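# Working through the structure, step by step
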Amino acid sequence: MRTLRFLLRKEYRQIVRDRMMLAQILIMPVIQLLLLANAATFEVTRARLYTVDLDHTVTSRALIDRLVSSGRFELAGSSASMALADAAMLDRRAGVIARIPRDFERDLMRVDAAPVQLILDAKDGAAAAVTRSYANAIVTDYAAELGAARAGGEALALGAPAVAMPHVEVRSRAWYNPELDYQDYMVPGILVELITIAGTLLTAVNITREKEIGTLDQLNVTPVTRAQFIAGKLIPLWSIALIEFGVGLAVAAVVFHVPMRGSVALVVGVAAVYLVAALGIGLWVSTIAGTQQQAMFITFFLMLIYLLMSGLFTPLRSMPAWAQWIAHLNPVMYFVRIMRDVLMKGAGPSDIAPDVGILIVYGAVVFTLAVRQYAKRSA
Amino acid sequence: MTQPPNDEPAIRVHELTRRFGSFTAVRAISFEVARGEVFGFLGANGAGKTTAIKMLTGLLLPTSGDARVAGFDVYRETESIRRHIGYMSQRFSLYEDLTVRENIEFYGGIYGLSDERIATRSTELIEGLGLREARNTLVASIPLGWKQKLAFSVAVIHDPAVVFLDEPTSGVDPITRRQFWEMIYTAAARGITVFVTTHYMDEAEYCDRVSIMVDGGIAALGTPSELKRQYGVGAIDDVFVRLARPAA
Amino acid sequence: MMRASDTSRRGPLVAFMVKEVQHILRDRQTLTILILMPLLQVLLFGYALRTDIQDIRVAVVDPSPDYATLAFRNRLGATDRFRIVDVLPDASRLETLFRRNEADVGVELAPRFGTRLARGEPAGIQLIADASDPNGGTTMAAYVNAVIDDFAAQMGASRGAVHIALDTRMRFNPTLASVNLFVPGLIALVITLVSALMTAISLSREKERGTLESLLVSPLRPWQIIVGKVLPYLALGLTIVLLVLAAAWVVFRVPFRGSLALLLGEALLYTLVSLALGVLIAARTSSQRSAMLGALVGTMMPNALLSGMIFPIASMPAWLRLVTYIVPARWFIVIARGVMLEGVGVANLWVETAVLVLMTVVLLVAAVRSFDARLA
């Protein structure tokens, strides 16, 4: 263990003197977090609406008014010509076209039903789907309003209490994120991404650099054992990544007001476990990379797959079954889930226990494999 | 001084071979190096020198043959070998971003020297090399010649039985090279066996004995004078050329 | 008659480029990754990454099961979109289910639901969506609402007497495939990776090793060195882009409604911008590692985050939207999407093209100048 002490001392000294690494540890995460948290939102802000109102009645105008005043739509133009609407869409001036046909109000009066056409620029399919949901909700509410007014009015007109019709009353609640703030959802995940990349990349590049320079060979002929060397490398890097995580959490709480409904200590503890797996992967990468550039590229390649298949950017539940199965082999997935569950839903140790268990197993397996792979003999 | 337990030579090699697929890098070489000897291991680039050294230092397993270093077997006792040898590689492998003193402390520590011993050796080394002014300077900032001498000192900080030097004087002026060789002699006088590879043929003259590797095998082995007499030439350089020619 | 200066210019440049190409081809690891990475991304985005929500897990709170509630539950469970994971007598366990990530939506039916319906009293349904993912929450709620509508109709109940039928059409991308949106961004990413990142690293590695100096004392002029370095990477980048396009088209029928020539032309332009950036970074940094870092921060990060490739620019706060104007990838992606998904021509894209041209000129001049200055 004495050897380990000397190894650690050397590593920490080198780290402190390495200005680039210090910048990377302290400044980069903060910048990235600030940028990412602001950029990484799929929140659909106001869609630019172009209306083609062929009815020009109180009802049709009221519908348009409902759409615009909901805050989800912004009026980008209106005319009586679909050709103009089309041009607006091609020019990217409008993202949604609402076409209200002639006889809209009349049909509603007479047969209680009328169509409205909605054309969405669906290049961004996800956003279009969300916009469609919003439009649906607004239109449905408006129809219900019309119906209620009608029922009330009829009752008054007939001078008799309204016939008791069976009806369903629905109330909607959005739990954990009533403001529908995308940042609350994304920032915990982004934090995971940051320390994953930082931890894995730092480890891979750092060890590969020693290989490239030759200091690795020098250590290989000393009494330093495999285990000692790896511990000497990984412990400092692990502590750095954990510090980054702490800094990131602080920024998340203070700058982005991300809810911290669960225990912060719990999250940090899980991060500590998770990083073992992340760094293990970095170690493994360093065994197959010959140069720093290769280490970087391989790490990116792996991180890409990990991050895309983690439910961070796209919902896990939308993936086809086989992809979800793969995702269940991905430690990032578990950590992201834990972060969201603990911070947004206030989950406790018993709630996340199975996921944490899996992370522990993963860390142990990855680490063991990486260590084994790391041959002391430079062939 | 850590020495092999009995009266064994410092290095004993017998029919040592290393193959990489169909290519034989080292073919059945055999030689012995006595304690305290300064042994020059010469050969052209690609002749198999580096591979041989890697096998002797435990970095590479031989394909066949035997070798014992500092009394330990290269197949089964590599951990012990590592404790009893020193190594200075071509690229010096001092940590450029650590100071002179920190480098000394580090290597002292991982070779298992006690804190007191580290302090003692550290002072010895620093004073001996005249690096007192520079002891807190980053290695990156000190001149090449001093780096070499420091690297050598660090390689023998734990008084190993054998020290392996892989092209230690590359790129340095002749004066510094002489000083370096004086350090080698001092170490040998202390009983440390020095196994040095070089392609400066004049340095071959400084060794007690030399071997010349050609195409993976040892083509010549003996003291510089013996070899010069054997081939009827005036300098080791010419011995080397004579040997290398047929292979060319 | 050929002049001596002619031969001295053509010969070394070609030899230099040949060496660069050999260098690239020999680094099998990097090459494999450069090709596999984007192809894998295309596959992932085409097959695995979706945003439409399937298999919504519903927990139903049914305090007094009766014919009506059973009918409702059946309706819910009948579709593929929903899966009833639990039926609870009261709402106390609902929160635990959410916290453990075992349910996505909770539907709470009022007590004596069927009786109330029959008597014309309001029969309440409380819909609780896990809105941690705001978009997911909204969408799931919409789907449940649709089921409730159907149920109400089946029961002869109303949700209102009036029905406005919303007929929606998704234009340019009827299947809402995310891959369509993504492929243009992927092309930009590949170009940035090869042209900016790799060039920067390669140049700075030569600088570090000292081989750059020997190049400089050769007959090659500085601009020739740059061209010689850069041309192989340009070719490599465009090759990978073509591969990606081919893969996207073959596997996913990603539409290509516009002119391939136009896209390649614009891709070439964007490549020049990236190359200039790469050279600039290499000239300004002192080690391979700092070049790597600089290239990462200066090109890859903005490319991935601020170009609209993954995260829609329209969703960003105003100040960030301003920042995206200086990200070259942002302009290229608009162009690429326009050409591929809408089939528009240069007339619609002249603004973006002009911006790219401007950036190319500015950056190239800066790059050559700082390169010269370094060595003067």
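Residues numbered from 1 in each chain as written. Chains lettered and ligands numbered in written order. Predicted model: local features only at pLDDT ≥ 70, side-chain atom pairs only at ≥ 80, totals over all residues.

### Some words on the overall build of chain C
The secondary structure content of chain C amounts to 14 helices and five strands. Expected size for 376 residues packed as a compact globule is a radius of gyration near 21 Å; at 29 Å, chain C overshoots this value by more than 25%. Summarising its shape, the C-alpha atoms of chain C cover approximately 105 × 45 × 40 Å along the three principal directions. Scored against the burial criterion, the 376 residues of chain C give a buried share of 47%. (Helix = DSSP H or I, 4+ residues; strand = E, 2+ residues; numbered from the N terminus. Rg over C-alpha atoms; globule rule 2.2 N^0.38 Å. Buried ≥ 20, exposed ≤ 12 C-beta atoms within 10 Å, placed from the backbone.)

### Examining the overall build of chain B
When you go through chain B residue by residue, the secondary structure sums to nine helices and 10 strands. A compact globule built from 248 residues would reach a C-alpha radius of gyration of about 18 Å, and chain B, at 18 Å, matches this within 12%. C-alpha extents for chain B along the principal axes are approximately 50 × 40 × 35 Å. For chain B, with 248 residues in total, the buried portion stands at 46%. When contacts within chain B are restricted to residue pairs at least 6 apart in sequence, those whose partners lie at least 24 apart make up 69%. (Contact = placed C-beta atoms within 7 Å.)

### Details of the interface of chain A and chain C
Facing 91 residues of chain A, the contacting portion of chain C comprises 91 residues. Mapped onto the side of chain A that touches chain C, the elements with two or more residues apiece are α2 (19-39), β4 (113-121), α6 (125-158), β5 (168-175), α7 (182-213), α11 (292-308) and α13 (331-345) of chain A. Ranked by the residues each element gives to the side of chain A that touches chain C, the list is headed by α6 of chain A, at 20 residues. The class makeup of the residues in the side of chain A that touches chain C is 57 nonpolar, 17 polar and 17 charged. Relative to strand β5 (residues 163-171) of chain C, β4 of chain A runs parallel, the two being bridged by nine bridges. Residue alanine 113 of chain A lies in a different strand from β5 of chain C, and its bridge partner there is histidine 163 of chain C. (Nonpolar A, V, L, I, M, F, W, Y, C, P; charged D, E, K, R; others polar. Pairing = 2+ DSSP bridges.)

### Describing unusual backbone geometry
All names here are of chain B. Phi at glutamate 167 takes a positive value of approximately 50°, unusual for a residue other than glycine. Its place among the elements puts glutamate 167 in the loop between β7 (162-166) and α6 (174-189). Residue aspartate 215 is not a glycine yet carries a positive backbone phi of 50°. With respect to the helices and strands, aspartate 215 occurs in the loop between β9 (209-214) and β10 (217-222).

### Here's the deal with helix α3 (residues 100-110) of chain B
All names here are of chain B. Within α3, 10 of the 11 residues are buried, leaving the element largely enclosed by the surrounding structure. Residues of α3 that are buried include every one of Val100, Glu102, Asn103, Ile104, Glu105, Phe106, Tyr107, Gly108, Gly109 and Ile110, and no others. Of the residues trailing α3, glycine 112 is marked for its positive phi of about 85°.

### What about the interface of chain A and chain B?
Contact residues are listed per partner, giving 21 residues for chain A and 22 residues for chain B. Counting residues per element, the ones that place at least two in the side of chain A that touches chain B are α1 (2-17) and α8 (215-220) of chain A.

### Details of the arrangement of the chains
By contact count, the dominant pairing among the two pairs of chains in contact is that of chains A and C. One thing to see here is that chain B and chain C don't touch, and their nearest C-alpha atoms sit 14 Å from each other.

### With respect to the sheet that holds strand β8 (residues 193-197) of chain B
Residues and elements named next belong to chain B. Sheet architecture is open: six strands sit in the order β6-β7-β8-β3-β9-β10, paired in mixed fashion. In this open sheet, the two strands that pair with only one neighbour each are β6 (85-88) and β10. Averaged over neighbouring strand pairs, the angle between their axes works out to 15° when direction is ignored. Taken together, the four bridges between strand β3 (residues 38-43) and β8 define a ladder with parallel strand orientation. By the bridge assignment, valine 38 is partnered in β8 with valine 194. (Axes fitted to C-alpha atoms, helices over the stretch in contact; angles between N-to-C directions.)

### Some words on the packing of helix α10 (residues 264-288) of chain A against helix α14 (residues 349-373) of chain A
A pair of packed helices is characterised by two quantities: the angle between their axes and the separation of those axes. Residue and element names in this part refer to chain A. Two elements in contact, α10 and α14, have axes separated by 8 Å at closest approach and are oriented at 25°. On the basis of their axis angle, the class for α10 and α14 is roughly parallel. Pair α10 / α14 crosses with left-handed handedness. Residue-level inspection shows Leu266, Val270, Val273, Tyr274, Val276, Ala277, Gly280, Ile281, Leu283, Trp284 and Thr287 of α10 in contact with α14, the latter providing Pro349, Val356, Leu359, Ile360, Tyr362, Gly363, Val366, Phe367, Leu369, Ala370 and Gln373. Broken down by class, the residue content of the contact of α10 with α14 amounts to 18 nonpolar, four polar and no charged. (Parallel < 35°, antiparallel > 145°, perpendicular 65-115°, else oblique. Left-handed = near helix turned anticlockwise from the far one by under 90°.)

### As for the packing of helix α2 (residues 28-48) of chain C against helix α9 (residues 222-252) of chain C
All names here are of chain C. Contact geometry of α2 with α9 gives a least axis separation of 10 Å together with a crossing angle of 25°. Regarding the angle of α2 to α9, the classification is roughly parallel. In this structure, the crossing between α2 and α9 has a hand that is right-handed. Residues Leu34, Ile35, Pro38, Leu39, Val42 and Gly46 of α2 lie in contact with α9, whose contacting residues are Ile240, Leu243, Val244, Ala247, Ala248, Val251 and Phe252.

### Remarks on the environment of alanine 329 of chain C
All names here are of chain C. Locating alanine 329 in the fold gives a position in helix α13 (residues 328-342). The exposure class assigned to alanine 329 is buried, which follows from the 28 C-beta atoms found within 10 Å. As for alanine 329 and leucine 306, which are separated by 23 residues in sequence, their C-alpha atoms are 8.4 Å apart. Apart from residues no more than four positions distant in its own chain, alanine 329 is found in contact with Ala188, Thr192, Pro302, Asn303, Ser307 and Met309.

### Concerning the sheet that holds β4 of chain A
Strand order in this open sheet of five strands is β2(A)-β1(A)-β3(A)-β4(A)-β5(C), and the pairing throughout is mixed. Only two strands of the sheet have a single neighbouring strand rather than two, namely β2 (73-79) of chain A together with β5 of chain C. Direction aside, the axes of adjacent strands within the sheet are offset by 25° on average. Sitting on the sheet, helix α3 (residues 58-69) of chain A is in contact with β1 (47-53), β2 and β3 (96-100) of chain A, with an inclination near 180° to β1 of chain A. Where helix α5 (residues 104-111) of chain A meets the sheet, its contacts fall on β3 and β4 of chain A, and the angle it forms with β4 of chain A comes to roughly 135°.

### Brief notes about the confidence of the model for chain B
Averaged over every residue, the pLDDT of chain B is 87; residues scoring 70 or more account for 95%. At the level of individual helices and strands, chain B shows its lowest average pLDDT in helix α9 (residues 236-247) of chain B, which scores 75, and its highest in β8 of chain B, which scores 93. (pLDDT = per-residue confidence, 0-100.)

### Some thoughts on the confidence of the model for chain C
All names here are of chain C. With 93% of its residues at a pLDDT of at least 70, chain C reaches an overall mean of 81. Averaged pLDDT values for the elements of chain C fall to 71 in helix α1 (residues 4-26) and rise to 92 in strand β1 (residues 56-61). The model gives residues 1-8 a pLDDT under 50, and that stretch makes two contacts with residues more than four places away or in other chains.

### Regarding the environment of leucine 306 of chain C
By secondary structure assignment, the location of leucine 306 of chain C is in helix α11 (residues 288-306). Here the alpha-carbon distance between leucine 306 of chain C and tyrosine 325 of chain C, two residues 19 residues apart in the chain, equals 9.1 Å. With residues near it in sequence (within four places) discarded, leucine 306 of chain C still touches Ala39 of chain A together with Val323, Thr324, Val327 and Arg330 of chain C.

### Quick notes on the pairing of β1 of chain A
Residues and elements named next belong to chain A. Along β1, five of the seven residues are buried, which leaves the element largely enclosed by surrounding structure. Handedness of the crossover is the feature at issue here: the chain leaves β1, passes through α3, returns alongside β2, and the resulting connection is right-handed. Bridging between β1 and β3 involves five bridges; their strand directions are parallel. Counterpart to leucine 49 in the pairing with β3 is valine 96. (Right-handed = clockwise from strand over helix to strand, strands pointing away.)

### A look at the environment of valine 87 of chain C
Residues and elements named next belong to chain C. Locating valine 87 in the fold gives a position in strand β2 (residues 82-88). Once the C-alpha coordinates of valine 87 and leucine 117 are considered, the two residues, 30 residues apart in sequence, prove to be 21 Å apart. Aside from chain neighbours lying at most four places away, what touches valine 87 is Val60 and Asp62.

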